[in-house]
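Topology and contacts: notes
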Amino acid sequence: MSVWRDHRGMTERPLRATVSQRGVVFAPNDDVLVVRRRTDGGWELPGGRLDRDEDARDGVRREIVEETGIDPDLGQPVHAVSWLNDADDGRFAVYYRCRTDDRSVSLSNEHTDFEWRSPAAAHDRLSETQGRAVANAVAAADELDVGELDVSVPEV
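Cut-off values and rules
Residues numbered from 1 in each chain as written. Predicted model: local features only at pLDDT ≥ 70, side-chain atom pairs only at ≥ 80, totals over all residues. Heavy atoms only, no water. Buried < 20%, exposed > 50% of the residue type's maximum accessible area, 1.4 Å probe, protein only. Helix = DSSP H or I, 4+ residues; strand = E, 2+ residues; numbered from the N terminus. Contact = heavy atoms within 4.5 Å. Polar contact = N/O pair within 3.5 Å; in protein donor to acceptor, adjacent residues only side chain to side chain. Salt bridge = Lys/Arg side-chain N within 4 Å of Asp/Glu carboxyl O.

1. Here's the deal with unusual backbone geometry
The phi dihedral of Asp30 is positive, around 75°, even though this residue is not glycine. A relative accessible area of 15% means that Asp30 is categorised as buried. Unlike most non-glycine residues, Asp53 shows phi in positive territory, near 65°. Checked against the element boundaries, Asp53 lands in the loop between β6 (47–49) and α1 (56–68).

Following this line, the structure appears as C-alpha cells:
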C-alpha cells in the first residue's frame, strides 16, 4: 500500500475517485451557460465523467458537446476539488474556462432546461463549488469584473 504525505501529515487512504469535468462556458456577451438536471431539477455547469484512458481535454469537450450540442473553445482549468459523496465514494472535479460563439443549445436527455445567465446570476444559481468555478473563470479573464460576484477570489 502506498502512503501519501501532505502538509497535514500522512494518510493510509489516498482518494480513489471518479473524475468529472465541467465547463464554465461563456457566450460572446460573457453570459454563462447553466443546465438543469433531469434527476433532481438542480442547476449545474455542463460536463460529466472522464472515460477510462481518455485525454482530459478531449473528455470535457466530448461531455459539453453531448450535453449541449456546443463545441466550445477550451481554455485553462480554473478550479479543481475533491470530496466524498453521500455513499462515501470519492469524487474529483476539474472546471475549465470555455468560450463559444454559438448560443443555440441542443440538450441531451440528462437535462430539461438551460439558461444563459450573467456570471453573477450563474454563480447564485449553482452549488458553492460550481459557483467558485464561475468566480475563478471570471477572475482568469481580464475583460470581466469579478467584483460583481461578491466573493473573494484567490490570487492565481
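2. A short note on the environment of Ala122
Note on placement: Ala122 falls in helix α2 (residues 119–125). Not counting the four nearest positions on each side in its chain, Ala122 is found in contact with Val32, Val34 and Arg117.

3. Overview of the side chain of Asp30
Considering the arrangement of structural elements, one finds Asp30 in the loop between β3 (17–26) and β4 (32–37). A distance of 2.6 Å separates polar atoms of two side chains, one belonging to Asp30 and the other to Arg99.

4. Description of the pattern of salt bridges
Per the counting criterion, the structure on display carries 12 salt bridges. Salt-bridge contacts for Arg62 lead to Glu54; the nearest nitrogen and oxygen are separated by 2.7 Å. For Glu66, the salt bridge goes to Arg62, with nearest N and O atoms at 3.2 Å. Taken together, the residues span about one helical turn, with Glu66 and Arg62 both in helix α1 at a distance of 4 residues. When its relative accessible area of 43% is taken as the criterion, Glu66 is described as partly exposed.

Nothing here speaks to function; it is all geometry.
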